[in-house]
Structure formats: C-alpha cells, structure tokens
Amino acid sequence: MENTITDQIKTLLEMQGLDLKINSIEERLKEIPLKIEEKWKKVKEKEEEVSRIKKEIEKTILQRKEKELELETNQETIKKYQLQLYQVKTNKEYASLLHEIEDLKRKNSLLEDEIIELMEKTESGEEVLQREKEELERLKEKVKREEEEGKKEMEKLKKEEDELMEKKKVLAKGVRGDLLNRYEKLIKSRGTALAKVINGVCGGCHLELPPQVVSEVRSGRKVVTCERCSRILYWESNISSETPLNQ
Ligand SMILES: [Zn+2]
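Quick caveat, the model's predicted, so the values are computed rather than measured. (Residues numbered from 1 in each chain as written. Predicted model: local features only at pLDDT ≥ 70, side-chain atom pairs only at ≥ 80, totals over all residues.)

(A) Highlighting the overall build of the chain. Counting secondary structure elements, the chain contains five helices and three strands. Counting from the amino terminus, helix and strand elements in the chain follow one another as α-α-α-β-β-α-β-α. Its C-alpha radius of gyration of 41 Å places the chain more than 25% over the 18 Å reference for a compact globule of 247 residues. Projected onto its principal axes, the C-alpha coordinates of the chain cover approximately 135 × 35 × 25 Å. Long-range pairs, those at least 24 residues apart, make up 73% of the contacts in the chain between residues at least 6 apart in sequence. (Helix = DSSP H or I, 4+ residues; strand = E, 2+ residues; numbered from the N terminus. Rg over C-alpha atoms; globule rule 2.2 N^0.38 Å. Contact = placed C-beta atoms within 7 Å.)

Given below as structure tokens:
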C-alpha cells in the first residue's frame, strides 16, 4: 500500500532536513581547502619577504666591500704620493702632490663614514632577517597544523555526509517516484523543496495563495505546489498531528 500524501510530505520534510545539513557540509568541504590555500599564500608572501631582505643585506655587503677596496686603493696612492714628495724638483709639483694627497684623504674620510653606515645597515638588516625568519617558521608550523586539522575535519564531514545520504536513501523509498524527482529538482534549484503555508502565503516565496489552493493544501489529499516558486506546499498541523485531517 502506498503512503498517504501527508506521510510522503512528512518524509520529504525529513529528507529536506537532511539535505540542508548535506548542503552545509558541502559548503564547508569547499571552504576548508580554499582557506588553507589562502594561508599557504601568506606563508609564500613571508618567504618572499625573507628572501628580499636577504638580497638587500647581500647588496649592502657588496657595496661595503667595494668601498673598502676603494679606500685601500686610495691609501696606497697616498703612500705613493708621500714618497714622491721627497723626489719632486719644484715647488709647484710639491704643492700639486700635496693637493692630491689632501683630496684623497678627504675622499677616504667620506668613504669611512659610508662604510660604517653600510655596516650598521647590514647589522640591522640581519636583525630584521632573523625576526622575519623566526616568524616565518612559526607561521609555517601554524599553517601545517591548521592544514592537518582541516584534513581531519574534512574526513569527519565526509563520513557525516555519507551517513546523511544513507539515511536519505532509506527515506526516499517511502516517496512516489514523480514526487521524488520534483523534490530533487527543487532542492538543486532552490535549496528547499517544501514550503509551509503561513496565513495563506507560501512560506518559500511569500506569494499570496488563492483560498482554493490553501484549502487543497489543508485537505492533504493531493500534492499542491506554489504557482510562483514551484515548491511543494504543506499544512503545518497535518504534519505535526498524529492523525492527519484527511483520515
Ligand atoms: Zn512559493
């Protein structure tokens, strides 16, 4: 014997409850990997920042070495000029050499300042680098943990989903084929397939229903759908009472 329309609607309502849960599980299953991906992106950004700082430090070291070399060369030249001072024949030559030496000494003094500045820059860069590296490690560990937790949650959710699907399959056996098809289509397109009639209005789309339609729903003898949203309409007290009105 086939179940009454009211019984089938009751079953469909139960199925709808399961489908809502299944849908929220599906949402979460999509959301988790995206969130984890987002977090790994942050790790990658941090890695790029660390390598940028490293390059910056390498650059200051290189600049310092160049300046040190220049300083050394200048010092060699100064020494050479100082020796030449004893060999020059004219006052003019002497003055000119002396001028060269002074010029180089001035340059070297500037170079020394620049070298110190670069050393300080390297030092503070190293400090920042160390901090950023530690932060990166912490972040990596955190994301790894979160990824593992996410995977565990997904496994749990999939299991839960399977159980709900299984329950739904059992329930579906008590529903007429055409009604089941209509239900599935509505769930896919609208999220819910059934709508309660509340004060003569479709609970799904709020369309005011003609009194004839309302009384048909109330009678519980046939499947009545909303003209606008196509949802299957039901009367609350038919569903909740132990003895439906049509019996
Ligand atoms: Zn409607």
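(B) Highlighting the environment of K107. Structurally, K107 is set in helix α2 (residues 91-172). Separated by 36 residues in the primary sequence, K107 and L71 have C-alpha atoms spaced 8.3 Å apart.

(C) Summary view of the domain arrangement of the chain. Splitting the chain by domain gives domain 1 (22-172) and domain 2 (177-240). With centres defined by C-alpha atoms, the gap from domain 1 to domain 2 works out at 64 Å. (Domains from an automatic or database assignment.)

(D) Representation of the nonpolar core within the structure. Counting 20 residues, the largest nonpolar core has L12, L194, I232, L233 and Y234 as its most contacted members. Here the element with the most residues in this core is helix α1 (residues 5-84); it accounts for four residues. Beyond its immediate stretch of four places on either side in the chain, Y234 contacts I9, L194, K196, V217 and I239. (Core = buried A, V, L, I, M, F, W, Y, C linked by C-beta atoms within 7 Å. Buried ≥ 20, exposed ≤ 12 C-beta atoms within 10 Å, placed from the backbone.)

(E) Inspection of the environment of I25 at higher detail. Relative to the helices and strands, I25 resides in helix α1. Judged by C-beta crowding, with 17 C-beta atoms within 10 Å, I25 ranks as partly exposed. In sequence terms I25 and I232 are 207 residues apart; their C-alpha atoms lie 24 Å from each other. If near-sequence neighbours (up to four positions away) are discounted, I25 is found in contact with L157, E160 and E161.

(F) How the structure looks around the sheet that holds strand β3 (residues 232-234). Strand order in the open sheet formed by three strands is β2-β1-β3, and the pairing between neighbours is mixed. A single partner strand is all that each edge strand has here, and the edge strands are β2 (201-202) and β3. Pairing analysis gives two bridges linking strand β1 (residues 194-198) to β2, with the strands arranged antiparallel. Counterpart to I198 in the pairing with β2 is V201. Contacting β1 and β3, α1 runs over the sheet at an angle of about 115 degrees to β1. (Pairing = 2+ DSSP bridges. Axes fitted to C-alpha atoms, helices over the stretch in contact; angles between N-to-C directions.)

(G) Broad picture of the packing of α1 against α2. At a minimum axis distance of 6 Å, the contact between α1 and α2 shows a crossing angle of 165 degrees. Regarding the angle of α1 to α2, the classification is roughly antiparallel. Two packed elements cross with a definite hand, and for α1 against α2 that hand is left-handed. (Parallel < 35°, antiparallel > 145°, perpendicular 65-115°, else oblique. Left-handed = near helix turned anticlockwise from the far one by under 90°.)

(H) Spatial organisation of helix α3 (residues 177-190). End to end, α3 covers 20 Å across 14 residues, agreeing with the expected 20 Å (1.5 Å per residue, within 8%). Immediately downstream of α3, the backbone of G191 shows phi near 90 degrees, a positive value. (Expected span 1.5 Å × (residues − 1).)

(I) Inspection of the environment of L209 at higher detail. Of note, L209 is situated in the loop between β2 and α4 (211-219). Between the C-alpha atom of L209 and that of V197, which follows or precedes it by 12 residues, the distance is 8.6 Å. Apart from the residues lying within four places of it in its own chain, the contact partners of L209 are V197, G200, V201, C202 and V214.

(J) Local environment of the pairing of β1. Summarising the sheet, β1 and β3 pair through three bridges and their orientation is parallel. Within β3, the position partnered with K196 by the bridge is Y234. Count of turn residues in the β1/β2 antiparallel hairpin: two residues, of which N199 carries a positive phi of about 50 degrees.

(K) Broad picture of unusual backbone geometry. Notably, H206 is not glycine yet its phi reads approximately 70 degrees, a positive angle. Examined against the element boundaries, H206 turns out to sit in the loop between β2 and α4. Overall, H206 belongs to the exposed group, with 12 C-beta atoms counted inside 10 Å. Residue S230 is not a glycine yet carries a positive backbone phi of 65 degrees. Residue position: S230 is located in the loop between α4 and β3.

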